Amino acid sequence: MKKLLTLALFVCLPASIFAEAKDLRIVTLNGTVSEIVFALGKGKLVVGNDTSSLYPPEALALPKVGYQRALSAEGILSLKPNLILGLEYAGPPEVIEQLKSAGLKVIIYPGLPGVEPALNNILAIGKEIGAEKEALKIVQDIRKKHSKIAEKVSKLKSKPKVLFVYHRGTSLAQVSGTETPADEMIRLGGGINAVDGFKGFKPITPEAVIAAQPDIILIPSRGLESLGGKDGVFSLPGVKDTPAGKKSRVVAIDDLILLGFGPRLGQGIEELFESFHLKTPGKK
Amino acid sequence: MIISSPETSSPEMKSIGVEKKKITGRKVPPILVYTLLAVGLFGIGILSLKFGSIQLSTEEILKVLILRQDSLSELEIPHSVLVWNLRMPRLVLSMLVGACLASAGVCIQGLFRNPLVEPGFIGVSPGAALAASTWIVFSEKILTFFPAELKGKESFLLQLCAFGGALSVSFFLHVVSKREGGGFSLVLVLAGIAVNATVVSLLGFLSYLADDAQLRNLTFWSLGSMAIASWHKIYLLGSVLLIVTFFFPVLARGLDALALGEAEAFHTGFKVRRIRNLTIVLASLLVGVSISICGNIAFVGLIVPHILRMVLGPGHKTLLPASLFGGALLLSIADLAARTVAFPSELPIGIIAAGIGGPFFLSLILQAKRREGEFR
């Protein structure tokens, strides 16, 4: 009898966990969070997400509840979720409060750029949606890639100066100062941010671009597209007269890989290191 | 510039071939207009509570409204939460903001004796938004010794700053346009444009100084939203509106007298300066506080008084309270549209207000142009 009970318990326990996980209806409020949930193999549980959820393609096809910073409570409720996951940018704060007051489970994770915060988020989300193993696997993978590159970076004799240009359309060009995801990624990839005089993003004058003397221009793929390719980057005022312009070195990486600090962080660090150090014309 | 001009040529009258006639009195009994507005508000109220993520029947709504606890059933999201926590605050806030902006519109039109002005485009609302934005950026950057609860967006000092911003712009415009001697205030409109341009540039400068989190708060002013509705904000705005309505009788008599011209008003025994100052302060209070709560929403203060002046005539005794209800009706309709048109996303309410208001304003200008002499 006792054996039978134990057996029954063993059979029921995983089954109940499974049932709970399967009944989840998740709304994700941020591109990185969406990517994490899909990477953990729980994409089927997601019933809606925000407009910054661009990857994977399945995430793109889901109902959109607006941009992560301009959400509406009713829109999210209409998808009948029972779990809402977002990063701290999700808002306005009043809407998050409204969702909580409607009795929904809303979890907001910190959005700090950096390897450790990113890994913590992946583990926390994995725990929340019943995919701890998968989360651990992704985390280990990122750690492995990160430490491999970190070792290589520590051995570098010289690091290139990298200017991150954030660009949309034809008018808005801003560069990244310190304390931004781009700044952190440049460091992780073994480069030096060419501008460190200010925090966050600022529009920059052609003269300052030249004064910064970047060896490489780093730009998210969508930004490169909106400029119409590499030629567009070099036509930005000042860029042509920098070392990067003279050697025509532009590095473009998918927006979410580059700035998302999500499950593809390891891949992002590798790609950056390679494009900073290996693909140098006339290899060092 | 004659205050009674807009009601002389309503499109309906033209279409049925009625000759343009100068009518200074009322056309429709006020009681009928008030009844219609009340019915409209009630209807929109029901519709707003009905539509959204889950459609409720009128019965269910009434049940929730009357027996609040009763409907706390095992539903996924209890109806009472839906009604009381989500839809009701939005509805009430949009009504209050609409009422404030429309009443402020009447006051400012009366004050400047120009039915084509509105707090939004002579710079009063942008002035409020600028002051509020300045507070958000500087309270966190410079006033670091301030207690945290007095800083940033949640502090009541934000409302105070917005009021101050609206007040300074109103006074400035008043001083500038007064010098002109009370004719059509081209100077007023030009000064308004100048104020707006200055505000835009200063807002640009602020957004340059702001960090990422503050920037998010700043962009909020440009289009407005009701998604931030909470009962706390409703009590605040509600008490401001309540205070102002106590002054409605005084304002109405004063603005009617001002319509005759300042000298005439003075000779009929009105304390012109006191009335003017009172109007400026109250209108700025209405604009400042509502803008600081839900962002810059233009045109409400133009459309509502205009339509109501067409049907009620220019007397402020009826126009002021009617605009209050009319504004509530217009903005609650706009909010219902804002949250249902692009469902499950949400449109900024300012887009809808400007989308209706822009063409309306253009048609007003064209009408005014047809009546020669308006733009001398």
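Criteria and cut-off values
- Residues numbered from 1 in each chain as written.
- Chains lettered and ligands numbered in written order.
- Predicted model: local features only at pLDDT ≥ 70, side-chain atom pairs only at ≥ 80, totals over all residues.
- Heavy atoms only, no water.
- Helix = DSSP H or I, 4+ residues; strand = E, 2+ residues; numbered from the N terminus.
- Buried < 20%, exposed > 50% of the residue type's maximum accessible area, 1.4 Å probe, protein only.
- Contact = heavy atoms within 4.5 Å.
- Areas by Shrake-Rupley, 256 points an atom, 1.4 Å probe, with all protein chains shown as cover.
- Buried area = accessible area lost by both parts, 1.4 Å probe.
- Salt bridge = Lys/Arg side-chain N within 4 Å of Asp/Glu carboxyl O.
- Polar contact = N/O pair within 3.5 Å; in protein donor to acceptor, adjacent residues only side chain to side chain.
- Nonpolar A, V, L, I, M, F, W, Y, C, P; charged D, E, K, R; others polar.
- Axes fitted to C-alpha atoms, helices over the stretch in contact; angles between N-to-C directions.
- Parallel < 35°, antiparallel > 145°, perpendicular 65-115°, else oblique.
- UniProt positions renumbered as here; feature names shortened; annotations may be inferred.
- Pairing = 2+ DSSP bridges.
- Left-handed = near helix turned anticlockwise from the far one by under 90°.
- pLDDT = per-residue confidence, 0-100.

(A) Quick peek at the overall build of chain B. Check the secondary structure of chain B and you find 15 helices and 0 strands. Here chain B, with 376 residues, has 53% of them falling under the buried criterion. Put simply, of all contacts in chain B between residues at least 6 apart along the chain, 75% involve residues at least 24 apart. In the form shown here, chain B has an accessible surface area of approximately 16,500 Å², with 69% of it arising from carbon and sulfur atoms.

(B) Fine view of the interface of chain A and chain B. If you look at the interface, chain A gives 21 residues, while chain B gives 23 residues. The three residues of chain A that bury the most area against chain B are Glu74(A), Glu94(A) and Gln98(A), which together make up 30% of that side's buried surface. The interface formed by chain A and chain B holds 2 salt bridges in total. For the salt bridge of Lys233(B) with Glu94(A), the shortest nitrogen-to-oxygen distance reads 2.7 Å. Linking chain A with chain B are 8 residue pairs in polar contact (both at pLDDT 80 or more). Counting residues per element, the ones that place at least two in the side of chain A that touches chain B are helix H4 (73-77), helix H5 (93-101) and strand E8 (201-203) of chain A. For the side of chain A that touches chain B, the residue count by class is 9 nonpolar, 6 polar and 6 charged.

(C) Here's a closer look at the packing of helix H2 (residues 30-50) of chain B against helix H3 (residues 58-66) of chain B. Residues and elements named next belong to chain B. The contact between H2 and H3 brings their axes to 10 Å, and the two run at 95°. Classed by the angle they form, the pair H2 and H3 counts as roughly perpendicular. Of H3, the residues touching H2 (which contributes Ile-46, Leu-49 and Lys-50) are Thr-58, Ile-61 and Leu-65. For the contact of H2 with H3, the per-class residue count stands at 4 nonpolar, 1 polar and 1 charged.

(D) How the structure looks around the UniProt feature "transmembrane region" (unreviewed entry) in chain B. Residue and element names in this part refer to chain B. As annotated in UniProt, the feature "transmembrane region" (unreviewed entry) corresponds to residues 31-49, 91-112, 156-177, 183-210, 231-252, 280-307 and 347-366 in the numbering used here. The straight-line gap between the two end C-alpha atoms of residues 156-177 is 32 Å; of that span, 100% is helix and 0% is strand. Counting secondary structure, residues 231-252 comes out at 95% helix and 0% strand; the distance between its end C-alpha atoms is 30 Å.

(E) Molecular detail of the sheet that holds strand E2 (residues 46-49) of chain A. Residues and elements named next belong to chain A. Strand order in the open sheet made by the 4 strands is E2-E1-E3-E4, with parallel pairing throughout. Only two strands of the sheet have a single neighbouring strand rather than two, namely E2 and strand E4 (105-109). Put simply, the sheet's adjacent strands are angled 20° from each other on average, direction ignored. Here 3 bridges tie strand E1 (residues 26-28) to E2, and the two strands are oriented parallel to one another. Directly across from Val-27, in E2, lies its bridge partner Gly-48.

(F) Main features of the pattern of salt bridges. Residue and element names in this part refer to chain A. Enumeration over the complete set of coordinates arrives at 13 salt bridges over all chains. Asp-254 is the salt-bridge partner of Arg-264, the closest N and O atoms lying 3.7 Å from each other. Note that Arg-264 is positioned in the loop between helix H13 (255-259) and helix H14 (265-278) and Asp-254 in the loop between strand E10 (250-253) and H13, a separation of 10 residues in sequence. The class for Arg-264 is buried, based on a relative accessible area of 11%. Accessibility expressed as a relative area gives 33% for Asp-254, which makes it partly exposed. Counted as one network, the salt bridges with shared partners bring together Glu-35, Asp-254 and Arg-264.

(G) Main features of the packing of helix H13 (residues 300-312) of chain B against helix H15 (residues 349-370) of chain B. All names here are of chain B. Closest axis-to-axis distance for the H13/H15 pair is 10 Å, and the angle between their directions is 50°. Between H13 and H15, the angle is such that the two are oblique. Handedness of the H13/H15 crossing: left-handed. Between H13, through Leu-302, Ile-303, His-306 and Ile-307, and H15, the contact on the second element is made entirely by Ile-356, Gly-357, Phe-360, Phe-361 and Leu-364. For the contact of H13 with H15, the class distribution of residues is 7 nonpolar, 2 polar and no charged.

(H) Expanded view of the confidence of the model for chain B. All names here are of chain B. Averaged over chain B, the pLDDT score is 83; the fraction of residues at 70 or greater is 87%. Looking over chain B, one finds the lowest element-wise mean pLDDT in helix H1 (residues 11-15), namely 41, and the highest in helix H9 (residues 231-246), namely 95. Across residues 1-24, where pLDDT falls below 50, the model places 46 contacts with residues more than four positions away in sequence or in other chains. The ipTM for the predicted assembly is 0.73, set against a pTM of 0.82.

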